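Understanding the architecture of this molecule
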There are 2 protein chains.
Amino acid sequence: MITYPDQIKKAIDTLARLPGLGPKSAERLVFYLVKNGNHTVDTLLEQLSSLRKEIRVCSTCGNIGTTDPCPICANAKRDASLLCVVAEPQDVSVIEKTGDYSGRYHVLGGVLNPVNQITPEKLRIAPLIQRIKTAQPKIAEIIIATNPDLEGESTAMYLARHLKPLNVKVTRLAKGLPMGATIEYADEVTLSSALKGRQSM
Amino acid sequence: MITYPDQIKKAIDTLARLPGLGPKSAERLVFYLVKNGNHTVDTLLEQLSSLRKEIRVCSTCGNIGTTDPCPICANAKRDASLLCVVAEPQDVSVIEKTGDYSGRYHVLGGVLNPVNQITPEKLRIAPLIQRIKTAQPKIAEIIIATNPDLEGESTAMYLARHLKPLNVKVTRLAKGLPMGATIEYADEVTLSSALKGRQSM
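To keep things clear, this report deals only with the structure shown in the data block. (Residues numbered from 1 in each chain as written. Chains lettered and ligands numbered in written order. Predicted model: local features only at pLDDT ≥ 70, side-chain atom pairs only at ≥ 80, totals over all residues. Heavy atoms only, no water.)

Topic: the sheet that holds strand 5 (residues 141–144) of chain B
All names here are of chain B. Ordered in space as 4-3-5-6, the 4 strands form an open sheet in which the pairing is parallel. What marks the edges here is a single partner per strand, and that holds for strand 4 (103–107) and strand 6 (169–172). Looking at each pair of strands side by side, their axes are set apart by 25° on average, direction ignored. The strands that helix 5 (residues 89–98) touches are strand 3 (79–86) and strand 4; relative to strand 4, the one it contacts most, it runs at about 160°. Each of strand 3, strand 4 and strand 5 touches helix 6 (residues 125–134); the most contacted strand, strand 4, lies at about 150° to it. (Pairing = 2+ DSSP bridges. Helix = DSSP H or I, 4+ residues; strand = E, 2+ residues; numbered from the N terminus. Axes fitted to C-alpha atoms, helices over the stretch in contact; angles between N-to-C directions. Contact = heavy atoms within 4.5 Å.)

Shown next as structure tokens:
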């Protein structure tokens, strides 16, 4: 029995371990790359090297960028009294796209998850507390913008418990029905949040 | 509004164009690579370069490997009178895994698909005909193992029409119910194939 050459097997193995890919999709990718000649592979090689060399983590907020401090931390026009705590750098970009937030960010680098050994020490929580204690001007409000799921909620609760003693207002993104939702098919937790958080018109 | 650095945008763009990936999964991949440090990126860089440098296409059968001719074409013990025609190199590997085939292969490099401009000239059909005409010893049977879908069937029919005049037996993989199938839920085309191809026990 003849199987794939080693180079192909190894590339499939590595790709299959990336998030969102499995053995079959990795196989498909590798054969696509082999079949479609060298242009795509060259582009990928170049772009991955540049990721590796040029992308750095902002030492203030934990966001990623090409500079340290990142453009948001370096921007004096951003409201320094407002701090939005997110799990991942992607979340910064999504909130920026709303155009409705002018404060700064703090990226935790994940959410608490005891099953996967993600304990508070693994996240950028100590730097967050340090940042709140030493910030000039003082930070007035911390908006916790972790996902409304099990890990996100417990991270938010953990943060609230540890941040409130610092004399800072701690808020959480509103929970409720998403735009375009059908009440008939909404789950009861969402609907219950939407009821509790109802707003006057 | 602050968006992603250029390096990240470009890597997302390139990955999103690969089969099976879209903008969101590409974004997830890139952030995973950025977050998980340089080890994975280095491994990927190395493996993609080695794919690019060391993998070649067998000039006899069109399969991919590290040598030309590939190990199957070079193996004198394989039955040279039996030729299995497949669409892609992956198909060779799947048929090899059955352990039930001892002949040789011919990889077309795709299937006919007029909508995507895959015409007979784009596939390795002319080399196949040439190979059948010049093979020593003569090829006795061609097994067409393209997928039993619209494109695979029309490719098989096209091949049968062009290969039969060469005085060679042309066969096609059996169609029928797959192992574990439920007759109740089988589609009528499969069931009809299973009936037509019924075998004595």
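Brief notes about the relation of the copies chain B and chain A
With an RMSD of 0.1 Å, chain B superimposes on chain A once it is rotated by 180° and translated 0.1 Å along the axis. When the rotation and shift are considered jointly, the pair of chain copies conforms to a two-fold rotation axis. Among all residues of chain B, the one whose C-alpha sits closest to the rotation axis is Leu45(B), at a distance of 2.9 Å. When the interface residues of chain B are mapped onto chain A, 100% of them again lie at the interface, so the same face is used by both copies. (Least-squares fit on C-alpha atoms with pLDDT ≥ 70 in both.)

Section: the pairing of strand 4 of chain B
All names here are of chain B. Along strand 4, 5 of the 5 residues are buried, which leaves the element largely enclosed by surrounding structure. Here strand 3 pairs with strand 4 via 5 bridges, running parallel. The partner of Leu-83 across the bridge, within strand 4, is Arg-104. Note on the crossover from strand 3 through helix 5 to strand 4: the handedness is right-handed. (Buried < 20%, exposed > 50% of the residue type's maximum accessible area, 1.4 Å probe, protein only. Right-handed = clockwise from strand over helix to strand, strands pointing away.)

Focus: the sheet that holds strand 3 (residues 79–86) of chain A
Residues and elements named next belong to chain A. Sheet architecture is open: 4 strands sit in the order 4-3-5-6, paired in parallel fashion. Strands with a single pairing partner mark the edges of an open sheet, and in this sheet they are strand 4 (103–107) and strand 6 (169–172). Between one strand axis and the next, the sheet turns through 25° on average, direction left out of account.

Digging into the packing of helix 1 (residues 6–16) of chain A against helix 2 (residues 23–35) of chain A
All names here are of chain A. Where helix 1 contacts helix 2, the axes come no closer than 8 Å and their chain directions differ by 130°. Between helix 1 and helix 2, the angle falls in the class oblique. The hand of the helix 1/helix 2 crossing is right-handed. Between helix 1 and helix 2, the residues in contact are Ile-8, Ala-11, Ile-12, Leu-15 and Ala-16 and Pro-23, Ala-26, Glu-27, Leu-29, Val-30, Phe-31 and Val-34, respectively. (Parallel < 35°, antiparallel > 145°, perpendicular 65-115°, else oblique. Left-handed = near helix turned anticlockwise from the far one by under 90°.)

Notes on the layout of surface pockets
Each pocket or cavity is described by its volume, and for the largest pocket that value is around 580 Å³. Surrounding the largest pocket, 24 residues form its lining, Val94(A), Ile95(A), Ala145(A), Asn147(A) and Leu173(A) being those nearest its centre. Contributing elements (two or more residues each) for the lining of the largest pocket: helix 5 (89–98) of chain A together with helix 2 (23–35) of chain B. For the lining of the largest pocket, the leading source of residues is helix 5 of chain A, giving 5 residues. Split into classes, the residues belonging to the lining of the largest pocket amount to 11 nonpolar, 5 polar and 8 charged. (1 Å grid on protein atoms, 1.4 Å probe; cavity = no way out; pocket = protein on both sides within 12 Å on 5 of 7 lines; lining within 4 Å. Points joined across faces, edges and corners; volume = space filled by probe spheres on them. Nonpolar A, V, L, I, M, F, W, Y, C, P; charged D, E, K, R; others polar.)

Quick notes on empty space enclosed by the protein
Within the structure shown, the criterion is met by 1 cavity of 30 Å³ or more. Its boundaries defined by the atoms lining it, the largest cavity holds a volume of some 110 Å³. What lines the largest cavity is simply Leu15(A), Leu18(A), Leu29(A), Leu33(A), Leu44(A), Leu48(A), Leu15(B), Leu18(B), Leu29(B), Leu33(B), Leu44(B) and Leu48(B). Of all the secondary structure elements, the ones that give two or more residues to the lining of the largest cavity are helix 2 and helix 3 (37–54) of chain A together with helix 2 and helix 3 (37–54) of chain B. In terms of residue class, the lining of the largest cavity is made up of 12 nonpolar, no polar and no charged.

Observations concerning the pairing of strand 3 of chain B
Across 4 bridges, strand 3 of chain B lies against strand 5 of chain B in parallel orientation. Along strand 5 of chain B, the bridge assignment pairs Leu83(B) with Ile142(B).

Side note on the environment of Gly103(A)
Residue and element names in this part refer to chain A. For Gly-103, the position within the fold is in strand 4. On the basis of relative accessibility, which here comes to 0%, the residue Gly-103 falls in the buried class. When the C-alpha positions of Gly-103 and Glu-141 are compared, they lie 9.8 Å apart, and in sequence the two are 38 residues distant. When sequence neighbours within four positions are dropped, the list of residues in contact with Gly-103 reads Ile-72, Arg-78, Asp-79 and Leu-82.

Quick look at helix 6 (residues 125–134) of chain A
All names here are of chain A. For helix 6, the set of buried residues is Ile-125, Leu-128, Ile-129, Arg-131 and Ile-132. What you see down the axis of helix 6 is that its buried residues fit within an arc of 160°, all on one side. Seen from the open side of helix 6, the exposed residues pointing more than 90 degrees away from its buried face are Ala-126 and Lys-133. Elements in contact with the buried residues of helix 6: helix 4 (71–74), strand 3, strand 4, strand 5 (141–144) and helix 7 (150–163). (Arc of directions from axis to C-beta.)

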